[in-house]
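Summary of the model geometry
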Amino acid sequence: MLQQVNGHSSGSDAQGRESLREDLQEFLGGEVPLHQLDDLTKVNPVTLETESAKGTSASVLRCLQARYTADTFYTNAGCTLVALNPFKPVPQLYSPELMREYHAAPQPQKLKPHIFTVGEQTYRNVRSLIEPVNQSIVVSGESGAGKTWTSRCLMKFYAVVAASPTSWESHKIAERIEQRILNSNPVMEAFGNACTLRNNNSSRFGKFIQLQLNRDHQMTGAAIQTYLLEKTRVACQDSTERNFHIFYQVCTRRGLQLPRCRAEMAPGLCRPRLPQNPQLSPPPRLPQICKGASADERLQWHLPEGAAFSWLPNPERTLEEDCFEVTREAMLHLGIDAPTQNNIFQALAGLLHLGNIRFADSGDEAQPCRPMDDGAVRTSALLLRLPEDPLLETLRIRTIRAGRQQQVFRKPCSQAECDTRRDCLAKLVYARLFDWLVSVINSSVCADPASWTTFIGLLDVYGFESFPHNSLEQLCINYANEKLQQHFVAHYLRAQQEEYAVEGLEWSFVNYQDNQTCLDLIEGSPISICSLINEECRLNRPSSAAQLQTRIESALAGSPCLGHNKLSPEPSFIVLHYAGSVRYHTAGLVEKNKDPIPPELTRLLQQSQDPLLKVLFPADPEEKSQEEPSGQSRAPVLTVVSKFKASLEQLLQVLQATTPHYIRCIKPNSQGRAQALHREEVLNQLEACGLVETIHISAAGFPIRVSHRTFVERYASLRRLHPQGSPHAEQATLRALLQDILHTLPALEAATPAAPAGATPAPVHCGRTKVFMTDATLELLERGRAQVLEQCARCIQAGWRRHRRREQERRRRAAVCIQAAIRSWLTRKHIQRLHAAATVIKRAWRRWGIRMAFLASKELDGVEEKHSSQAPRSPSSFPPPLAQTKLLRAVTHLWPLGLVLANAAVGVHGFPRKLVVFACLQLPVGSPSGYTVQAQTAQEQAGIMSIRALPQGSIKFHCRKSPLRYADICPEPLPNSATGFNQILLERHRLGHV
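Every chain begins its residue count from 1, and numbering advances along the sequence as written. Only residues with pLDDT of 70 or above have their local features reported here, since the model is predicted, and side-chain atom pairs are shown and tallied only from 80 upward, although totals for entire chains, interfaces and linings are computed over all residues. Just so you know, side-chain values use all the structure's heavy atoms and leave hydrogens and water out.

1. A closer look at the overall build of the protein
This is how the line gets drawn: The helix count covers DSSP runs of H or I at least four residues long, the strand count covers runs of E at least two residues long, and both are numbered beginning at the N terminus. For each residue, the accessible area found with a 1.4 Å probe, counting protein chains only, is set against the maximum for its type, and the residue is called buried under 20%, exposed over 50%, and partly exposed in between. It only takes one pair of heavy atoms within 4.5 Å for two residues to be counted as in contact. Note on areas: Shrake-Rupley with a 1.4 Å probe; residue coverage comes only from the protein chains shown.
Scanning the protein for helices and strands turns up 32 helices and 21 strands. Taking all 994 residues of the protein together, the buried fraction comes to 43%. Partitioning the intrachain contacts of the protein with sequence separation of at least 6 by distance along the chain shows that 73% fall at a separation of at least 24. Carbon together with sulfur atoms contributes 55% to the accessible area of the protein, which is approximately 52,300 Å² in total.

Printed below as a string of C-alpha cells:
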C-alpha cells in the first residue's frame, strides 16, 4: 500500500511538473527555440530551466550553446557580433556566392548573423556619406578565438563587393589590387605568426589594415600598419611552442596536401589556393603538393636532411601553415622576384645557423670566449656573406667609448653576454627584414592619396594572453587589449548612457565593468608600471628583478588591480586584467624594454656583401653619428614600452575618428576540439569583455543617434506623406520639422505589409540635440524615404518623358515641313530641267525637219529644172488644167507621201494606204471612189511614181547610199520603216485611182 501511495504520489508530482512546464510554455507565448534566436537581446531571462540559471548571463550562455550545437556560429548581441570558433572547416559559410547574397540583399540585417553582415553594413555606411564616413572594425578576443581568420574573410569580402569597375582596364587594375591585398595575408602570417600554447596560428604582431576606397566606392588600395613584433621569439621559445612559421617552411621535409590541410584555430576553411594574377608576370609553374624547399635549395642554404637547430623546437610537428609554395607564390604576386626570395631564405638559414653557435667560458676575464663549433660560425658567415673573423670578434668582444676624447676600449664578453649579443644580432636582422616586407607590401598595394577619399579599417591585434611565464611581450599585448576594451567601454557602455542623460532620456544606468583602474595601473601618471620600468632603464646601474618587484609593489600598493603572490619563488607581480589575472616575471624585463643594439653589430651588418642585407643596413654616415653621440649630449633612450604606447595612442586616434563596429571572437574550449563548449570558459569571456552589459544596454537603448539637422536633411522628404504638417515649411523651426517627420511613422508602420495589427509603435526619442532610435525605426524611415524617392523619381521620369515626347513631336513636324519644302523644290527643279530639255529637243527637231525639207526641196527643184530644160516643147507643155496643177502641187509639197506609200505592208489598194493618202491630201473619206485623178503628163504615161527624179531608161529597184548628209538619221526609227531617203521604189504601172 505504501508503495502504491508513493507511486501514485510520484506520478502526481511528475504530472504536476509537466503541467507546470506547459503553463510556463503557454506563459512564454510559445517561445522560439534558443538556437533560432539571432539576437541575444531577444533572449528571455525566464526559461524552462530557471533552477540552474543565474540571470541573463546563463540565458545568453544557453542560447550560444544551443546555436553552437546547431552549427550556427554567429550571433548578434546588440552592436556587437559574437563569433564562436567551430574548430573545423565550414566551406559553405564563406563562399563567394554567399558574399554576393549578403551584398545584394536589400536588408542584410534580415539575413542570418554573419561577419558579412558587419562588412556590408560598414560598406553601406561609407556609401551613405553619413558622418563619420570612415568605418573601422575591431576584431577582439583571446588567443585562438579566430581573429586572424575573421580579418582574412572580411578582406576577401571587401575585395569581392568593392571591386565593380565599369571599364575593362579598370577591372584589370581592381583585380590586381584585390589579388595583392589577399596575397599579403600568407606572407604576413608566415613571417609574423607562430604556434603557441593556445593557438597554432597566433599573431605575434598587431596590424591595422586600411582598405582605401575612391569616390565610386571601389577599392583602390590598402595600407598595413604593424605593432610590436615579438622578435624575441626568433631566439627564445618555450619548449612546447614553435618559432615563426617561415623557419619551418624553409626547413620542412615532407609535403602537405593543400585540400587536406587542417583549419587554423579559427572559424571556417583552410587557406584557399591563390589564383593567378593577370597583371603580374606569370609565376613559375608550382607543384600541386605544398612542400618545402627542394634538395638543391636546402643544400644551397646548408639545410641538409636531419639538420638540428636550437632555435627550431618541435620540428617534427607540421601544421597547415607550413605551406612553403603558397608563401613563395604570394611573394611573387607582391613583386618579390625569385632571386630576392632566395636572398631572404638564405638570410633566414643564416640566422638558424647563428643560433647553433655556442660559446665556452674561457675562465679568464681578459680572454674572449671560445666558440664550441667553428662550423656553425663559418656557415652563418657564409650565408649572411659576412667576414668570419669580424663576426666572431663582434660577438665576443665589446667596444666601449668613454671619456671626453671618446677613447675606445675593447673588453671581452662573458658567456652570457656573448649569447645575448648573438641573440641581438638575430633579432635585429629579423626585425629589419619584417619591416622591409611590410614596406614592400605597402608599396605594392597602397594607392595614391589623391585617388582615395574614404577607408574601412580592420584591426587585428594579439589576443589576451596568460602563460606560465609572462614577460614584457605579454604585458604589452594585454595592455593593448585593455586599451581596446576601454575604447569599447568609453564609446558604447559609458558614453552612450551618459549621452542618454544629457539628451534628457528617461534612462536607468546599467552597471558595467570599467577597466580604467587597470589602465591607470599600467600607464597612469605620474607613477605606473610602465613609468617604473622606463625609469629603471634610464638609471645607470645593473637592473635587479627583485628590486623592480619591490619598487612596483611599494609604489602601487594602493591600486586594486595589483595583486601579490608572496609564495612565488621568482620575482613577479600580478595584474588583475579585465579578462583575468596574469603574473608577470620581472627577470629580464628591463633589458627587454631597453632593447639595446650595440653599434658594432650594425657596423658589422653594413659590411655584408648580401644584396638584401645591404638594403636592410645601408651605410649612412648620419646614422653612424647618431649611434655614437657624446656622453653629455646623449638623448634619452626610447624604450620598447614608450614606442608601443605612442603607436597605440595613434591607433586610438584613428579609431575615434571613425564609426566603430565590434566583433567578439569567443573560444569555446582550450583544447581546440569541435562541438565542445565549456560553459565556464565561455562565461568568463562573456563577462570579461562586458558582453552581458552590452546586451542590457542594447536591448533597452537606442543604438542609432543622429543629430537634428542631419535627420531633417535626410528625411525631410517624408513630409510628403503627412500633408497636414507645418503650412510654411521655410519658416518652420527645426523642432517643428522634426515633429512633422516623426508623425509620418504611424503611416509608415501601417503601410508595412508584414506589420501585425496590434504592433507597438516604433521606439524613437527626440532629444535636445539628437534623435535616438532603434535599428527597426531606422529601417522604417529608410523604407519610407526610399518610397518617397521612388515617387519623386517616377514624377521626374514622367515629366522628362513628356518633355521628350513633345520635343520629338515638334522635331517631327519641323522635319516634315523641311522635307515637304525640299521635295517641292526638287520637283520644281526637275520639271524645269524637263521643260528645258523638251525645249531643246523640239528646237533641234524642228531645225532638223526644216533642214531635211530644205534639202529635199532643193534636190527636187534641181531635178525638175534639169528635166524641163531637156524636154522638147510640145503641146502638152502648155499650162496644165487646174486639177492637174493641184495634184502636182500636192505631190511637190507632200513628198513624204511617196515614202509612206512605198513602205506600206499591204497592197496598192489596201485600206491603210487609202487612209494615209486621204490624211495627207486632206480629202473627204466619205466617197473615195468619186474622186478621180487623170494624169496626162508624160510622167503619168510613163508610169513613174517618184518625187525625186525622172526615170532614165530601164528602171530597177536599187539601194545605194544617198549623198545627202543626214539621209540615215531618224529620231525614232520604227520597225519595217525606211532607213533613209535613198530607198526609192519605182513601179511601172499607170497611176489609177488612189
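2. Some words on the pairing of strand S1 (residues 74–77)
The side chains of a regular strand alternate between the sheet's two faces. Our working definition: At least two bridges found by DSSP between two strands is the condition for calling them paired.
By the bridge criterion, four bridges tie S1 to strand S2 (residues 80–84) in an arrangement that is antiparallel. Across the sheet, tyrosine 74 pairs through a bridge with alanine 83, a residue of S2.

3. Section: a nonpolar patch on the surface
The following threshold applies: Only residues whose relative accessible area exceeds 30% and that form no salt bridge enter a patch; like-charged residues are grouped when within 9 Å of one another, and nonpolar side chains (Val, Leu, Ile, Met, Phe, Trp, Tyr) when within 5 Å. The term salt bridge refers to a pairing of a side-chain nitrogen on Lys or Arg with a carboxyl oxygen on Asp or Glu at a separation within 4 Å.
Judged by side-chain polarity, Ile818, Ile822, Trp825 and Leu826 come together as a nonpolar surface patch covering roughly 400 Å² of accessible area. Relative to the helices and strands, tryptophan 825 is located in helix H28 (residues 775–870). Its relative accessible area of 45% is what places tryptophan 825 among the partly exposed residues.

4. Things to note about the sheet that holds strand S15 (residues 562–563)
Strand order across the open sheet formed by three strands is S15-S16-S17, with antiparallel pairing between neighbours. Across the chains shown, the open sheet's two edge strands, defined by having one partner strand only, are S15 and strand S17 (580–585). Pairing of S15 with strand S16 (residues 572–577), which is carried by two bridges, proceeds in the antiparallel orientation. In the strand pairing of S16, leucine 562 is matched with valine 575.

5. Concerning the packing of helix H4 (residues 115–128) against helix H5 (residues 147–161)
Definition in use: Axes here refer to lines fitted to C-alpha atoms; in helices the fit is confined to the stretch in contact. Angles between the N-to-C directions go from 0 to 180 degrees. Each angle is binned into one of four classes, with values under 35 degrees roughly parallel, values over 145 roughly antiparallel, values of 65 to 115 roughly perpendicular, and all other values oblique. Left-handed describes a crossing whose near helix is turned anticlockwise from the far helix by less than a right angle; the clockwise case is right-handed. The classification used treats Ala, Val, Leu, Ile, Met, Phe, Trp, Tyr, Cys and Pro as nonpolar, Asp, Glu, Lys and Arg as charged, and all other residues, Gly among them, as polar.
The interhelical angle for the contact between H4 and H5, taken along N-to-C directions, is 50°, at an axis separation of 10 Å. Comparing the axis directions of H4 and H5 gives the class oblique. The two elements H4 and H5 cross, and the hand of that crossing is right-handed. Between H4 and H5, the contacting residues are Ile115, Phe116, Val118, Gly119, Glu120, Thr122 and Tyr123 on the first element and Thr150, Cys153, Leu154, Phe157, Tyr158 and Val161 on the second. Residue composition of the contact of H4 with H5, grouped by class: nine nonpolar, three polar and one charged.

6. Quick notes on the packing of aromatic side chains
Selection criterion: Side-chain rings of Phe, Tyr and Trp, where Trp is taken by its six-membered ring, are said to pair if the distance between their centres is within 6.5 Å; with planes under 30 degrees apart they count as stacked, over 60 as edge-to-face, and otherwise as tilted. Either the NZ atom of lysine or the CZ atom of arginine qualifies as a charge over a ring when it sits within 6 Å of the ring centre and within 35 degrees of the ring normal.
Applying the stated criterion to the full structure yields 17 aromatic pairs. Ring geometry for phenylalanine 116 versus phenylalanine 157: centroids 5.2 Å apart, planes at 10°, classification stacked. One end of the pair, phenylalanine 116, is in helix H4; the other, phenylalanine 157, is in helix H5, with 41 residues separating them in the sequence. On the accessibility criterion, phenylalanine 157 (0% relative accessible area) is buried. The ring centre of tyrosine 248 lies 3.9 Å from the NZ or CZ of arginine 242, which sits over that ring. Positioned above the aromatic ring of phenylalanine 488 is the side chain of arginine 664, whose terminal nitrogen or guanidinium carbon lies 4.8 Å from the ring centre.

7. Some thoughts on the UniProt feature "binding site: ATP" (unreviewed entry) in the protein
Our working definition: UniProt positions are given in the numbering used here, feature names are shortened, and annotations may be inferred rather than shown by experiment.
Mapped onto the present numbering, the UniProt feature "binding site: ATP" (unreviewed entry) falls at Gly141, Glu142, Ser143, Gly144, Ala145, Gly146, Lys147 and Thr148. Looking at the element boundaries, glutamate 142 is found in the loop between strand S3 (135–141) and H5. Non-local contacts of glutamate 142, meaning those with residues more than four positions away in its chain, are made with Lys147, Arg198, Gly463, Phe464, Cys665 and Gln685. Mapped onto the elements, alanine 145 comes out in the loop between S3 and H5.

8. Examining the pattern of salt bridges
Pairing between side chains becomes possible if they bear opposite charge and their charged atoms approach one another. Tallied over the full model, the rule gives 23 salt bridges. The closest approach of N and O atoms between aspartate 419 and arginine 422, which form a salt bridge, is 3.5 Å. Taken together, the residues aspartate 419 and arginine 422, both in helix H13 (residues 415–445) and three residues apart, mark about one turn of the helix. Exposure remark for arginine 422: the relative accessible area of 5% places this residue in the buried category. Taken together, the shared-partner salt bridges connect Arg204, Glu230, Arg233, Glu241 and Glu465 into one network.

9. A closer look at the nonpolar core
One broad trend across soluble globular proteins is that nonpolar side chains are buried collectively. Let me state the cut-off plainly: Only buried residues count toward a nonpolar core, which is a set of Ala, Val, Leu, Ile, Met, Phe, Trp, Tyr and Cys residues joined through side-chain atoms within 4.5 Å.
Residues Tyr158, Phe191, Ile246, Ile344, Leu348 and Tyr430 are the most contacted members of the largest nonpolar core, which totals 130 residues. With 15 residues, H13 is the single largest residue contributor to this core. Residue contacts for isoleucine 246: discarding those within four places in its chain leaves Ala190, Phe191, Thr327, Phe345, Leu348 and Tyr430.

10. Section: the sheet that holds strand S19 (residues 704–707)
A sheet is described by the order of its strands in space; here three strands give the open sequence S19-S21-S20, paired in antiparallel fashion. Every other strand in the sheet has two partners, leaving S19 and strand S20 (764–766) as the edge strands with one partner each. Here the strands of the sheet are splayed against their neighbours by 15° on average, with no regard to which way each runs. Across four bridges, S19 lies against strand S21 (residues 770–773) in antiparallel orientation. If you follow arginine 705 over to S21, its bridge partner there is phenylalanine 772. Packing against the sheet, helix H14 (residues 472–503) makes contact with S19 and S21, and its axis sits at approximately 120° to S21. Across the sheet, helix H25 (residues 708–715) lies against S19, S20 and S21, angled at about 90° from S19, the strand it touches most.

11. Looking at the side chain of arginine 204
To keep things clear, this is the line we draw: The term polar contact refers here to a pair of N or O atoms within 3.5 Å; inside protein, the definition further demands a hydrogen-donor-capable atom paired with an acceptor-capable atom, and it admits residues adjacent in sequence only when both atoms are side-chain atoms.
Tracing the backbone through its elements, the reader meets arginine 204 in the loop between strand S5 (202–203) and strand S6 (206–213). Residue arginine 204 is classed as buried on the basis of its relative accessible area of 1%. At a separation of 2.7 Å, a polar atom in the side chain of arginine 204 contacts the side chain of serine 202. Reaching out from arginine 204, the side chain makes a polar contact with the side chain of glutamate 465 at a distance of 2.4 Å.

12. What about a positive patch on the surface?
Short version of the rule: When charges are counted, Lys and Arg are positive and Asp and Glu negative, with His and the chain ends excluded. Think of each charge as sitting on NZ of Lys, CZ of Arg, CG of Asp or CD of Glu.
Together, Lys842, Arg843, Arg846, Arg847 and Arg851 make up a positively charged patch on the protein surface. Note that arginine 847 resides in helix H28. Owing to a relative accessible area of 47%, arginine 847 belongs among the partly exposed residues under this scheme.

13. Notes on unusual backbone geometry
A cis amide bond, omega 5°, links serine 525 with the succeeding residue proline 526. With respect to the element layout, proline 526 can be found in the loop between helix H15 (516–523) and helix H16 (529–538). Here glutamine 675, not a glycine, exhibits a phi torsion of approximately 55°, which is positive. Relative to the helices and strands, glutamine 675 resides in the loop between strand S18 (659–666) and helix H23 (679–688).

14. Considerations on the confidence of the model for the protein
To keep things clear, this is the line we draw: Scored from 0 to 100, pLDDT records how confident the predictor is in each individual residue.
Chain-level statistics for the protein give a pLDDT mean of 76 and a share of 71% at 70 or above. Per-residue pLDDT stays below 50 along residues 46–54; that stretch engages in 13 contacts with residues further than four places along the chain or on separate chains. Low confidence marks residues 755–760, where pLDDT is under 50. Its contacts with residues over four positions away, or in another chain, come to two contacts.

15. Regarding the packing of H14 against H15
Direction vectors running N to C along H14 and H15 enclose 140°, while the axes themselves pass 10 Å from each other. Between H14 and H15, the crossing angle belongs to the class labelled oblique. As H14 packs across H15, the resulting crossing turns out to be left-handed. Residues Tyr479, Glu482, Lys483 and Gln486 of H14 pack against Gln516, Cys518, Leu519, Ile522 and Glu523 of H15. A breakdown of the residues in the contact of H14 with H15 according to their chemical character gives four nonpolar, two polar and three charged.

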